[in-house]
Amino acid sequence: MDTAQAIKERELFIATKGKQKTSLKCDADSIAGCVSQRACVYCGARVVLNPITDAVHLVHGPIGCASYTWDIRGSLSSGSELYRNSFSTDLKEHDVIFGGEPKLKRAIDELVEKYQPKLIFVYSTCIVGVIGDDLEAVCKQAAAKYNIEVIPVQSSGFIGNKSAGYRAACDAIMRVVTPRKRLSRKVNSLNYLGDFNLAGEAWIIRSYLEEVGIDVNAVFTGDSSYDTLKQATAASLNIIQCAGSMNYLAKKLQEEYSIPYIQVSFLGLEDTAISLRRIAEFFGDAEIIAKTEALIERELASTRPVIDRYKGMFSGKKAAVYVGGGFKAISLIKQFREIGIDVVMVGTQTGRPEEYDTIHDLADEGTVILDDANPSELERFMTQQGAHLLVGGVKERPLAYKLGIAFIDHNHDRKHPLSGFVGAINFAKEVHSTLCSPVWDYMYDFGGDLNGTIAKV
Amino acid sequence: MLDATPKEIKVRSSGGLINPAKTCQPIGAMYAALGIHKCLPHSHGSQGCCSYHRMHLTRHFRDPIMASTSSFTEGSSVFGGAANLKTAIKNVFTIYNPDIIAVHTTCLTETIGDDLPTIIKSAEIPEGKLVIHANTPSYQGSHITGFSNMVKGAISYLAESTMPVKKDQVNIIPGFVNPGDMREIKRIAKIMGAKFILFPDTTGVVDSPMTGKFEMYPKGGTTIAEIKDTGNSKLTLALGRFASSDGAELLEKKCKVPALALKTPIGVKATDEFVMALRRFAVREVPYELEEERGQLVDIMTDTHFHFHGKKVALFGDPDILTGLTEFVLSLGMVPVHILTGTPGGAIGSGMGSFEEDIQEMLTNAGVTANVKGNGDLFTLHQWIKNDPVDLLIGTTYGKYIARAEDIPFVRVGFPVLDRSVHSYFPIVGYRGAMRLIEMISNALLDRQDRDAADEDFELVM
Ligand code: SF4
Ligand code: SF4
């Protein structure tokens, strides 16, 4: 009875396309005792803010939260490398009992003296939420003392999941972007939200937009700095790539500074072309539109044949997707189609109901869709659905390998830019390098094939 | 440039850290628990910590790391986590069916003061299954302390003395080392003909083979029966004071098994001591096989000593590893000038001595003066190196920033190593491990010499 019940609780989080249009349960807390692949509020906030390169990212808490996030995201910088250091107040028993505020103050003093930053983020972690340090007050005081911005990030881990962290980060960003005096609007200028410049992706998109005559005013937050963020409210459009973390910010910017926003995706040839067109249309400038068409035509002419060649090699292959946000999952389904691979399982850690609806509409019959999966579920469905390839994050990689399933990191550990036209080629290349590696041929047990998921030569 | 460290050293009194050389207790507890067969480590706290710990271990070992979490919400942190933990225990046994759950706390549950023994006592635990726990507040000690605490936890729950006379067997607590090291320790004990129980034993768990199946509980790990039986052993060898002594002492207190604390067997001398301890216990001559290995090691040391002599080296990492490494590099004629660990010396609640004193004593005997620090960070180490440059840096992956900024050869040893693979499969302990260390160190030094050599100095034979 217990088994049935425990598993039933999870069943609400899993659906199969075609069976019935049930709405999937998501956006809920993980069940206690699950081997969840999810992260915490602090993690969500940190990954969004960390790419701000010249800020001091000070983690107020015991050492762990700071250690695990030291330079883990491959966001590239064209300027300061300060963000790649790890700063922690390293709270000790004494601070837990008597409060951590004095230590936080001293740490800020020291860091200001050493690095003269214009911007400091102070992240609260679980323990700070419990001992009740007044971050807001300490930060305000320090900001006044040094005439810089010291911004508290309310990211105690237990107040929700990663999405709550995204919101906390966006709240912090809103405080940074607030201009001292109102900025005048720039023409043909946009902010790019939701690109963290992993492997230099934001640079690729920036080069496209600049080519067609659009100025990329600020990127949230890849390769951004205090000064660029301060100019953010001068843009006349916001484009959002990673909806999971940035929708909230886009809405706020619209409410407070009446900057409109549109959703884009630069994953895959099709989505990249559509997105560039939509941006050009928004500005409505004939020259921009013409240049955009020229760029798309040129890029497609050189990339299509390459993609088609790969497509030929992938026929009959099936992929499983397990990523953080729903939006990325949607793009991946389309991108896999472009290279001729069927997606047979789609899951996310923190997808939202609308996104699951889109996934459901987009997916083929029989595709398994699931929220906040645990490793055994991933195993069960990947094997059952005969997936040859998994797209996921750090913790999923060895799991896939153990099953003899190829793997691509579409998360912090990606090594090549996967955005834009060139990214689409990189993506196909990566799929090829893992799916068609000879290592899978050795997966037999002194003779027999172990699981037969990969055809042997 | 990835170098944000000023050369000028100023006193830092805030107690904050810049670029830590340690991490928090729970991950150590999780690692120790993975060394129990069919055990699911459970993190009592929010799901973030658990996710970080699994991710970090996954990156180091490149194997799936399983652990469950109580998934705290705001409510649980106000009303206490008893309900979460009880539900979690029930769910874990029904869904994942381990033989044993090893619960560790996090800073959150320590701060709100959840009383684990009471909660566990009132939890529904299926017949024949076990739940043990360790308190691992992350605001004390480090990951090493957490490892030690989980070893203690398992012993205090499980070990029992059930026989009037002790068995002819020895317990070995290996410390926070890689499965490659644990395999080597077992191999040596086997060659010595000793009957032994290695606990914890992560071999076959975090270095499990590719089978085409996902095993929630791979073949490896010390069995519950073996851990129980540690109470009947004649002797416990604690390898590494910081990670292993507390467990050994508890066995002595609880089950009257005498404890012998040794260094982590890195290098000739420390390995000799380990082998001699086994010999005395097994009352047996050292077999030729080991003698041969030792002879080979010493032969290699003499063949290559001129590469090392007088070379200045900086070491950082976990205290037990550093103690062994310091002794070893001294034996090669190198000069360790900076030695730093992030773990606070003499962690709270334990009878351990100070890391700094231990190391200083070794250095004094060798006539070397050096910067030595417990509870330090890599910012400090970097400043030391800027002021007193070295020829070689040995430490975890995080040393790569310093190595690059100062352009010094770098050898990766310890936990974590996130940017190289295979390291966890091979030992640094034992005579073989020492050979491997020599190979790593001399390759790093000689590659550098080749790289920097002018054409006329570029040599074929080195
Ligand atoms: S919250 Fe505490 S236990 Fe969790 S990672 Fe941070 S320091 Fe470690
Ligand atoms: S859950 Fe809390 S303690 Fe753990 S990593 Fe997140 S903020 Fe840190």
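Our subject is the structure listed above.
Heads up: these notes are all about the structure in this document. (Residues numbered from 1 in each chain as written. Chains lettered and ligands numbered in written order. Predicted model: local features only at pLDDT ≥ 70, side-chain atom pairs only at ≥ 80, totals over all residues. Heavy atoms only, no water.)

1. Remarks on the interface of chain B and chain A
- Contacts between the two partners involve 74 residues from chain B, matched on the other side by 73 residues from chain A.
- Of the roughly 6300 Å² buried between chain B and chain A, counting both surfaces, carbon and sulfur atoms make up 61%.
- The tally of links between chain B and chain A comes to three salt bridges.
- Here lysine 402 of chain A ties to aspartate 63 of chain B by a salt bridge, and the two come within 2.6 Å at their closest N and O atoms.
- At the boundary of chain B and chain A, one finds 22 residue pairs in polar contact (both at pLDDT 80 or more). (Contact = heavy atoms within 4.5 Å. Buried area = accessible area lost by both parts, 1.4 Å probe. Salt bridge = Lys/Arg side-chain N within 4 Å of Asp/Glu carboxyl O. Polar contact = N/O pair within 3.5 Å; in protein donor to acceptor, adjacent residues only side chain to side chain.)

2. Topic: the pairing of strand β4 (residues 100-105) of chain B
Residue and element names in this part refer to chain B.
- Within β4, six of the six residues are buried, leaving the element largely enclosed by the surrounding structure.
- A two-sided burial pattern is seen for β4, the buried positions comprising Ile100, Ala102 and His104 on one face and Ile101, Val103 and Thr105 on the other.
- When strand β2 (residues 39-44) meets β4, the two strands line up parallel, connected through six bridges. Paired with proline 41 across the strands is alanine 102, a residue of β4.
- Here five bridges tie β4 to strand β5 (residues 130-134), and the two strands are oriented parallel to one another. Bridge pairing links histidine 104 to alanine 134 in β5. (Buried < 20%, exposed > 50% of the residue type's maximum accessible area, 1.4 Å probe, protein only. Helix = DSSP H or I, 4+ residues; strand = E, 2+ residues; numbered from the N terminus. Pairing = 2+ DSSP bridges.)

3. A word on helix α8 (residues 162-177) of chain A
- With 16 residues, α8 of chain A extends 22 Å between its outermost C-alpha atoms, agreeing within 8% with the 22 Å of an ideal straight helix rising 1.5 Å per residue.
- Of all 16 residues that make up α8 of chain A, 13 are buried, and the element is covered over most of its length. (Expected span 1.5 Å × (residues − 1).)

4. Overview of the sheet that holds strand β9 (residues 261-263) of chain A
Residues and elements named next belong to chain A.
- With parallel pairing, the four strands of this open sheet are ordered in space as β7-β6-β8-β9. Two strands lie at the open edges of the sheet, namely β7 (215-221) and β9, each paired on one side alone. Strand-to-strand, the axes of this sheet are offset by a mean angle of 25°, without reference to chain direction.
- In the sheet, strand β8 (residues 237-240) pairs with β9 via three bridges, with the strands oriented parallel. Bridge assignment links isoleucine 239 to a residue of β9, and that residue is isoleucine 262. (Axes fitted to C-alpha atoms, helices over the stretch in contact; angles between N-to-C directions.)

5. Topic: the site of ligand 1
- The environment of ligand 1 is formed by Pro62, Gly64, Cys65 and Tyr68 of chain A together with Cys24, Pro26, Cys49, His53, Thr106, Cys107 and Ser138 of chain B.
- Those elements that provide at least two residues to the shell around ligand 1 are α3 (63-67) of chain A together with α2 (47-61) of chain B.
- A per-class count over the shell around ligand 1 returns seven nonpolar, four polar and no charged. (Near = heavy atom within 4 Å. Nonpolar A, V, L, I, M, F, W, Y, C, P; charged D, E, K, R; others polar.)

6. So, the side chain of threonine 221 of chain A
All names here are of chain A.
- Topologically, threonine 221 is positioned in strand β7.
- Assessed through its relative accessible area of 0%, threonine 221 is described here as buried.
- The contact partners of threonine 221, leaving out residues within four places of it in the chain, are Val48, Pro51, Ile52, Ile173, Asp195 and Phe196.

7. Side note on the nonpolar core
- Phe121 and Met246 of chain A together with Ile394 of chain B are the most contacted members of the largest nonpolar core, which totals 151 residues.
- Beyond its immediate chain neighbours, meaning those up to four positions away, isoleucine 394 of chain B contacts Val313, Ala314, Leu315, Phe316, Leu325, Val329, Val411, Val413 and Ile441 of chain B.
- Among the nonpolar cores identified, the runner-up in size contains 58 residues, and Tyr208, Leu276, Ile279 and Val306 of chain A belong to it. (Core = buried A, V, L, I, M, F, W, Y, C linked by side-chain atoms within 4.5 Å.)

8. Considerations on a nonpolar patch on the surface
- Among the surface-exposed residues, Val422, Tyr425 and Phe426 of chain B lie close enough to one another that they form a single nonpolar patch of about 280 Å² accessible area.
- On the secondary structure map, phenylalanine 426 of chain B appears in the loop between β14 (410-412) and α17 (430-452). (Patch = residues over 30% accessible without salt bridge, like charges linked within 9 Å, V, L, I, M, F, W, Y side chains within 5 Å. Areas by Shrake-Rupley, 256 points an atom, 1.4 Å probe, with all protein chains shown as cover.)

9. Quick word on the site of ligand 2
- Around ligand 2 sit Cys40, Tyr42, Cys65, Thr125, Cys126 and Gly157 of chain A together with Ser46, Gly48, Cys49, Tyr52 and Cys107 of chain B, and that is every residue in its neighbourhood.
- At ligand 2, the nearby residues belong to more than one chain, namely chains A and B.
- Broken down by element, the shell around ligand 2 gets its largest block of residues, three residues, from α2 of chain B.
- Class assignment of the residues belonging to the shell around ligand 2 gives a composition of seven nonpolar, four polar and no charged.

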